Amino acid sequence: MDRSAVDRLYECDVLDRHGRPIGPVAELWLAGGRPLWASVRSDRGVTLVPIRGAQVRDRRLVVPVDKREVEDAPKVGDRELSDAEQAELHDHYGLTLPEQRLVRHERGASAPTSQPPRQARRRAR
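Everything quoted here is computed from the prediction, not taken from an experiment.

A.B. asks: So, the pattern of salt bridges: which residues are in play, and what are the values?
C.D. replies: Inspection of every chain in the model, using the stated rule, returns 9 salt bridges. Aspartate 72 serves as the salt-bridge partner of arginine 68, at 3.6 Å between the closest nitrogen and oxygen. With arginine 68 and aspartate 72 both in helix α2 (residues 67-72) and 4 residues apart, this pair spans about one turn of that helix. Here aspartate 83 ties to arginine 101 by a salt bridge, and the two come within 2.5 Å at their closest N and O atoms. With aspartate 83 in helix α3 (residues 83-93) and arginine 101 in the loop between α3 and β7 (103-105), this pair connects stretches of sequence that are 18 residues apart. With relative accessibility at 40%, the residue arginine 101 sits in the partly exposed group. Among the charged side chains, a network of salt bridges with common partners joins Asp16, Arg20 and Asp66.

This is the structure in structure tokens:
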């Protein structure tokens with residue numbers, strides 16, 4: 001996936017596999033240059049949602065998990081993830097931990113960054 005395709009994911013709302021809304025993409029997390037996770041803000045905090053195997057349809061990112069799994073997932077906050085937190089997230093969703101470390105993607109950047117994120121903008125509904 002090229003950089004512009006990754007950047008377009010920021011314009012998406014995340015839906016679960018049944019089409020139920022989870023929330024807008026706040027940030028993307030990559031491993032080996034591939035987007036594997038999207039962070040989603042909700043009233044309950046910031047949660048990472050696995051996006052491997054997701055489908056983009058009309059600015060909607062349909063992920064292969066249930067909304068309940070996302071609601072029960074560990075909250076991550078607005079910071080880099082420790083190795084233990086990455087392992088906990090992968091365990092929660094029943095995923096294999098990638099060999100490459102997850103890094104935060106900065107929208108419009110040519111490469112992922114590990115710098116703190118900019119303040120997330122609120123979307124007008």
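A.B. asks: Explain the confidence of the model for the protein to me, using residue names and the numbers behind them.
C.D. replies: A residue-level look at the protein finds 84% of positions with pLDDT of 70 or above and a mean pLDDT of 83. Counting contacts from residues 111-125, a segment whose pLDDT is below 50, to residues more than four positions away or on other chains yields 26 contacts.

A.B. asks: Describe in detail the layout of surface pockets, supporting the description with residues and values.
C.D. replies: The volume enclosed by the second largest pocket comes to roughly 160 Å³. Together, Ile22, Val40, Ser42, Asp43, Arg44, Thr47, Lys67, Val70, Glu71 and Lys75 line the second largest pocket. Examining the composition of the lining of the second largest pocket, we find that 3 residues originate from one element, α2, more than from any other. The class makeup of the residues in the lining of the second largest pocket is 3 nonpolar, 2 polar and 5 charged.

A.B. asks: Give a description of the nonpolar core that names residues and reports values.
C.D. replies: Residues Val14, Val25, Leu28, Trp37, Leu61 and Val63 are the most contacted members of the largest nonpolar core, which totals 29 residues. The greatest single-element share of this core, amounting to 6 residues, is contributed by strand β2 (residues 21-31). Sequence-distant contacts of leucine 61, that is, excluding residues within four places in its chain, are made with Leu9, Cys12, Asp13, Val14, Leu15, Val25, Ile51, Ala54, Gln55 and Val56.

A.B. asks: Which residues make up the packing of aromatic side chains, and what values do they have?
C.D. replies: Two descriptors summarise a pair of aromatic rings, namely the distance from one centre to the other and the angle between the planes of the rings. Taken as a whole and assessed by the stated rule, the structure comprises 1 aromatic pair. Relative to tyrosine 93, the ring of tryptophan 37 has its centre 5.6 Å away and its plane inclined at 55°; by these criteria the two rings are tilted. On the criterion of sequence distance, the pair formed by tryptophan 37 in strand β3 (residues 34-42) and tyrosine 93 in helix α3 is long-range, its members being 56 residues apart. With respect to class, tryptophan 37 is no different from tyrosine 93; both count as buried.

A.B. asks: Residue-level account of α3, with values.
C.D. replies: Residues Glu85, Gln86, Leu89, His90 and Tyr93 constitute the buried set of α3. Buried residues in α3, looked at end-on, bunch into an arc of 135°, giving them a common side. Summarising the geometry of α3, the exposed residues directed more than 90 degrees from the buried face are Asp83, Ala84 and Asp91. Of the surrounding secondary structure, the elements contacted by the buried residues of α3 are β3, β4 (45-50) and α2.

A.B. asks: Please give an account of unusual backbone geometry that cites residues and values.
C.D. replies: Look at aspartate 58: it is not a glycine, yet its phi comes out positive at around 50°. Along the chain, aspartate 58 turns up in the loop between β5 (55-57) and β6 (60-62). Judged by its relative accessible area of 69%, aspartate 58 is exposed. Even without glycine at this site, arginine 59 takes up a positive phi of about 60°.

The rules behind the values
For every chain, the first residue of the written sequence is number 1, and numbering continues from 1 along that sequence. It should be noted that, the model being predicted, local features are given only for residues of pLDDT at least 70 and side-chain atom pairs only at 80 or more, the latter also being counted only at that level, while totals for whole chains, interfaces and linings use all residues. Water and hydrogen atoms were dropped before computing side-chain values, which therefore reflect all heavy atoms in the structure. Any carboxyl oxygen of Asp or Glu within 4 Å of a side-chain nitrogen of Lys or Arg constitutes a salt bridge here. Runs of H or I in DSSP of at least four residues are treated as helices and runs of E of at least two as strands, each being numbered from the N terminus. Only protein chains enter the calculation, and the probe is 1.4 Å; a residue is then buried if its accessible area is under 20% of its type maximum, exposed if over 50%, and partly exposed in between. Across the chain, each position has a pLDDT score giving the predictor's confidence in that residue, from 0 to 100. We call two residues in contact when some of their heavy atoms are within 4.5 Å. Buriedness of a pocket was judged along seven lines, with at least five required to meet protein on both sides within 12 Å; pockets are open sets of points on a 1 Å grid over the protein atoms alone, cavities are sets where a 1.4 Å probe fits but cannot get out, and lining residues have an atom within 4 Å of a point. Grid points are joined across faces, edges and corners, and a volume is the space filled by probe spheres set on the points. Ten residues, namely Ala, Val, Leu, Ile, Met, Phe, Trp, Tyr, Cys and Pro, are considered nonpolar, four, namely Asp, Glu, Lys and Arg, are considered charged, and the remaining ones, Gly among them, are considered polar. We define a nonpolar core as any set of buried Ala, Val, Leu, Ile, Met, Phe, Trp, Tyr and Cys residues linked to one another through side-chain atoms lying within 4.5 Å. Each pair of aromatic rings taken from Phe, Tyr and Trp, with Trp reduced to its six-membered ring, is defined by centres within 6.5 Å and is described as stacked if the planes are under 30 degrees apart, edge-to-face if over 60, and tilted in the remaining cases. Along the arc lie the directions from the helix axis toward the C-beta atoms.

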